[in-house]
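# Analysis of the macromolecular model
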Amino acid sequence: MSHPPAAPRLVGRDRELSRLLDELGRSITQGASGVVVVRGEAGVGKSSLLTSLADHAVSRYSETGLLVGYGQAMLNSLASDSFQAVRECLRSLTLSAERSGSRDLLNRVADSFRLHAPDWVESVPVVGHLLAAGIRTGRSIADNGNPAPEMDSRLDQLIRLVEDLLSRGPLLLVLDDLHWADTATIDLLITMTLKVEGPLLLVLAYRPDNLQTGDGAETHPLRRAVFRLRRYRADCLEVDLEPLSARETEQLIRQVGGSRLPAQSVSQIIRLSAGNPLFAESLVRLGEQAVAAHAGTPSQITAILDERLSFLRPSDQRLLEAAALIGYNFEVEYLAQLARADIDDVYERLDVLFTEHSLVRPAEPRGSFDRYTLHHPLLAEVLRQRASQNGPRWRRQHQKLLEALEAEHPWDDELQVRAVAIAVAAGNRAKAAAFAAAACRRQFTLGAVSKAKELAEVAVEQARGTARTLDTLELLAECLAAGGNHFDAAITCATAAEQLRSHSPDTEREAKLQLLWARNLRMTNSWAECRALIDQLAASSSGPSETLAQALMLHAEIALCGPVQDVERCIQLCDVVAEMSMDPELQSRAYGHRGLAHLAGYDPVAAEQWLNKAIEVAREKEHPYAEYEAVHWLSKKAMACLELDRAWRLLEELARNSKASGVASESPWHLRDSSRVLGLQGRVPEAAQTFSHYYDSGYTHAGGRATTTLACQLHELEQLYGRRAGDAMLNGLTTACDREMVDPERRERLTQHLRALASRPPTWQPVPFAVRWLEAPQAEAEAADAIFRFDVADLPRLRSRLRAEG
């Protein structure tokens, strides 16, 4: 099993280890899944604890057939690539089966991969070798043209793999250093904790002080993920690792060789290390003289690690710097090439660094490549910082590493992302742009939208001023749109359009870009610009086509949702689109918008008919996103007509669909609508709690819409149930704001808005109030109001007519 570097023996963590083993025993005995979150500062002993957990679990529960997997997120210049920690965990789990000595068990695991997770096989060499004669990944199935059902997403495949393995015995999956994991990995793990049932214990570990995003603008996705676990998994066990006591620190010091130190030096190490095992161990290895030099004020642990390296001979320091350049886990063959040394000499020096200095340790191989692991991620950071100070040498080493990687084609997903970071550091802009674009497309296909966007941004930067600029801009626009950032997506489309004008005419490409641009303009309510683009598209169309159908669909949406509503035109255009298009998603959208147009025309009976038609088409064509969208439209009709119980049932169906298909998982607008229905049902505390989740998880660039929605929701409650209902909602939100929200900046902003709403006058209108007192931009406030009204010009009038008709 691939384990992280650890202290020789676990010290001072017996209580935490016992809790984790008891939790595993409960999961095995009850056949129920469990999740544990382990937190602690760098060097406090998380990895040592998890290593001991894995070792003790294997020995204690061997008779149950327990399989154990350990994976660790890694850091490089692009952070860890998507699912990297999960791949490590699957490799480790498979090696656990191999080391059990049971050929039947190993074959059973290999069959599970073959049947349920073919796209993960390339990540697990042991399984790949077993199945080499017959395995086909999803891509190779498609390439060979074999008749096969549509491949499930990587998330679905992993869920099915785990469920199949659980049918034969319990699993312990440990994921470490998740503060470096990407959003896709975190979403996948949290979805697993919420969906998988059976004897599975999932242990997630991270540094709480490292939960910062690159630009500081957004809350780290792991913080939100842990909050979701608290909401939906009441049995989630959270373990915070505290510093060691003075007695425990002394025990560790004696264990790692400090028995030769005088009592005064031991006392100084106890004081300086402040209970941090890695700090204490590093001080011990520096020796008595170095400890005395630190007697004045405590040093940062990174400074101590740097000093520890200074006691090595220069050639060993350079060897470790080259190793860190390759990665936290590094291939010996690559290291020999970078060091320009005989590979046997490299093995010899690594053995010395392992046995005498405890700075590296052997790791599981990657295919045919032997690998070692650096002692601790902090050591890798220190080494990379030292090596990067010599810029020319740093670039040259990356160039040599890139050459070694290119000789290893074809790349798996892991190496594909790794090559991007190496090419950037090597200063090879052409290759960096090409690699980043290819990796972006692959990550987008895998559903890792945040990582795809990051790679697209790298591609744009590296391709700037070259022939690849247009390709990379189009990629970035698609990623931004998929991530819900329609403002930046529209700007990127405009930039790409300028680039396209300098190219030779390409009608099909231009139409595709204009449609993407128009869709993003429509989502930002830029009606005039959107209309101009789709008019241009329609005029250039030579006859019925999917492109024309999409352009007409946008016209229909503008007729319904734009500044001048024209219900009849929307209905006519929707009929044309449904007839012209063969795309089930577009057909469902046309029927759905026709239903919404009837609702806006105060005809809920016709609205019901066409909204159900939209759902039927989506289900008939087995299109999960179209179905999700169509059910959402029907829930809008139910809310508009105050069919509250039905609206709630539909929203629950949306939640089930989201979990089953992975679309729109914990969508902000699903939370928004749920809060509204709960409030109208009189379930005010739940409504307030849900709205706080919506405000906390909504898009940063659309904050004005969230605050206007709150004003509209309060105003609706007061119209229907009186001022006291609005006050009750405000009181509930004040409580939920303190207890439920993750992002401190959003919490403070919402608190300020609640104070402003508490002083609202007896007669007030939500849009003017939001613009004046809640700092909502006029356009965003009007857009939020239109969404809240379901584009019905006079929602109270519709409801009055329904009451009058019984």
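Above this text is the structure in question.
Our subject in this report is the structure included herewith. (Residues numbered from 1 in each chain as written. Predicted model: local features only at pLDDT ≥ 70, side-chain atom pairs only at ≥ 80, totals over all residues. Heavy atoms only, no water.)

### Section: the overall build of the chain
- Of regular secondary structure, the chain possesses 40 helices and eight strands.
- Relative to its full complement of 806 residues, the chain shows a buried share of 58%.
- At a minimum sequence separation of 6, the contacts of the chain that also span at least 24 residues come to 68%.
- Only carbon and sulfur atoms are counted for the fraction: they give 49% of the accessible area of the chain, which is about 33800 Å². (Helix = DSSP H or I, 4+ residues; strand = E, 2+ residues; numbered from the N terminus. Buried < 20%, exposed > 50% of the residue type's maximum accessible area, 1.4 Å probe, protein only. Contact = heavy atoms within 4.5 Å. Areas by Shrake-Rupley, 256 points an atom, 1.4 Å probe, with all protein chains shown as cover.)

### Some words on the sheet that holds strand β5 (residues 237-240)
- Taken together, the five strands give an open sheet; going across it, the order is β2-β3-β4-β1-β5, and neighbouring strands pair in parallel fashion. This sheet does not close on itself; its edge strands, each paired only once, are β2 (67-72) and β5. Strand after strand, the sheet turns through a mean of 15° between neighbouring axes, direction not considered.
- In this sheet, strand β4 (residues 200-206) lies alongside strand β3 (residues 171-176) in parallel orientation, the contact comprising five bridges. In the strand pairing of β4, Val 174 is matched with Val 203. (Pairing = 2+ DSSP bridges. Axes fitted to C-alpha atoms, helices over the stretch in contact; angles between N-to-C directions.)

### Here we look at the sheet that holds strand β8 (residues 369-374)
- Read across the sheet, three strands follow the order β6-β8-β7 without closing on themselves; strand pairing throughout is antiparallel. Unpaired on one side and paired on the other, β6 (329-331) and β7 (360-366) mark the two borders of the sheet. Adjacent strand axes in the sheet meet at a mean angle of 35° when their direction is disregarded.
- The pairing of β6 with β8 spans three bridges and is antiparallel. Bridging from a neighbouring strand, Glu 331 pairs with Arg 371 of β8.
- Running at roughly 70° to β6, helix α16 (residues 332-339) makes contact with β6, β7 and β8 of the sheet.

### Considerations on the packing of helix α7 (residues 154-166) against helix α8 (residues 183-195)
- Contact pair α7 / α8: the axes reach a minimum separation of 11 Å and the direction vectors enclose 45°. What the angle tells us is that α7 and α8 run oblique. Here α7 and α8 pass one another in a crossing that is right-handed. Here α7 contributes Leu 155, Asp 156, Leu 158, Ile 159 and Val 162 to the contact with α8, which in turn contributes Leu 188, Thr 191, Met 192 and Lys 195.
- Here the contact of α7 with α8 is built from residues that sort into six nonpolar, one polar and two charged. (Parallel < 35°, antiparallel > 145°, perpendicular 65-115°, else oblique. Left-handed = near helix turned anticlockwise from the far one by under 90°. Nonpolar A, V, L, I, M, F, W, Y, C, P; charged D, E, K, R; others polar.)

### Some remarks on helix α25 (residues 507-523)
- Taking 1.5 Å of rise per residue, 17 residues should cover 24 Å, and α25 covers 24 Å from first to last C-alpha, within 8% of that figure.
- Summarising the contacts, the buried residues of α25 are in contact with α23 (469-482), α24 (486-501), α26 (527-540) and α27 (546-561).
- Within two residues after α25, Asn 525 carries a phi angle of roughly 60°, on the positive side. (Expected span 1.5 Å × (residues − 1).)

### Digging into the pairing of β8
- The buried fraction of β8 amounts to five of the six residues, a majority that puts the element mostly inside the structure.
- Strand direction decides the pairing type here: β7 and β8, joined by five bridges, are antiparallel. Across the sheet, Ala 363 pairs through a bridge with Arg 371, a residue of β8.

### As for the nonpolar core
- Membership of the largest hydrophobic core comes to 185 residues, with the highest contact counts inside it found for Leu 320, Phe 330, Leu 335, Leu 350, Leu 374, Met 729 and Leu 757.
- Tallying contributions element by element places α27 first for this core, with eleven residues.
- Excluding residues that lie within four positions of it along the chain, Leu 335 makes contacts with Leu 319, Ala 322, Ala 323, Ile 326, Phe 330, Val 346 and Leu 350.
- Formed by 50 residues, the second largest nonpolar core is a distinct cluster that contains Val 162, Ile 190, Tyr 206 and Leu 211. (Core = buried A, V, L, I, M, F, W, Y, C linked by side-chain atoms within 4.5 Å.)

### Things to note about the packing of aromatic side chains
- What the rule picks out here adds up to eight aromatic pairs.
- Aromatic side chains Phe 691 and Tyr 695 sit 6.5 Å apart centroid to centroid with 35° between the ring planes, which places their arrangement in the tilted category. Note that Phe 691 and Tyr 695 are positioned in helix α34 (residues 684-697) at a spacing of four residues, about one turn of the helix. The exposure classification of Phe 691 matches that of Tyr 695, with both residues buried.
- The rings of Phe 691, Tyr 694 and Tyr 695 are connected pair by pair, giving a single aromatic cluster.
- In this structure, Arg 676 is placed above the aromatic ring of Phe 788, and the distance from its NZ or CZ to the ring centre is 3.5 Å. (Phe/Tyr/Trp six-rings, centres within 6.5 Å; stacked < 30°, edge-to-face > 60°. Lys NZ or Arg CZ within 6 Å of the ring centre and 35° of its normal.)

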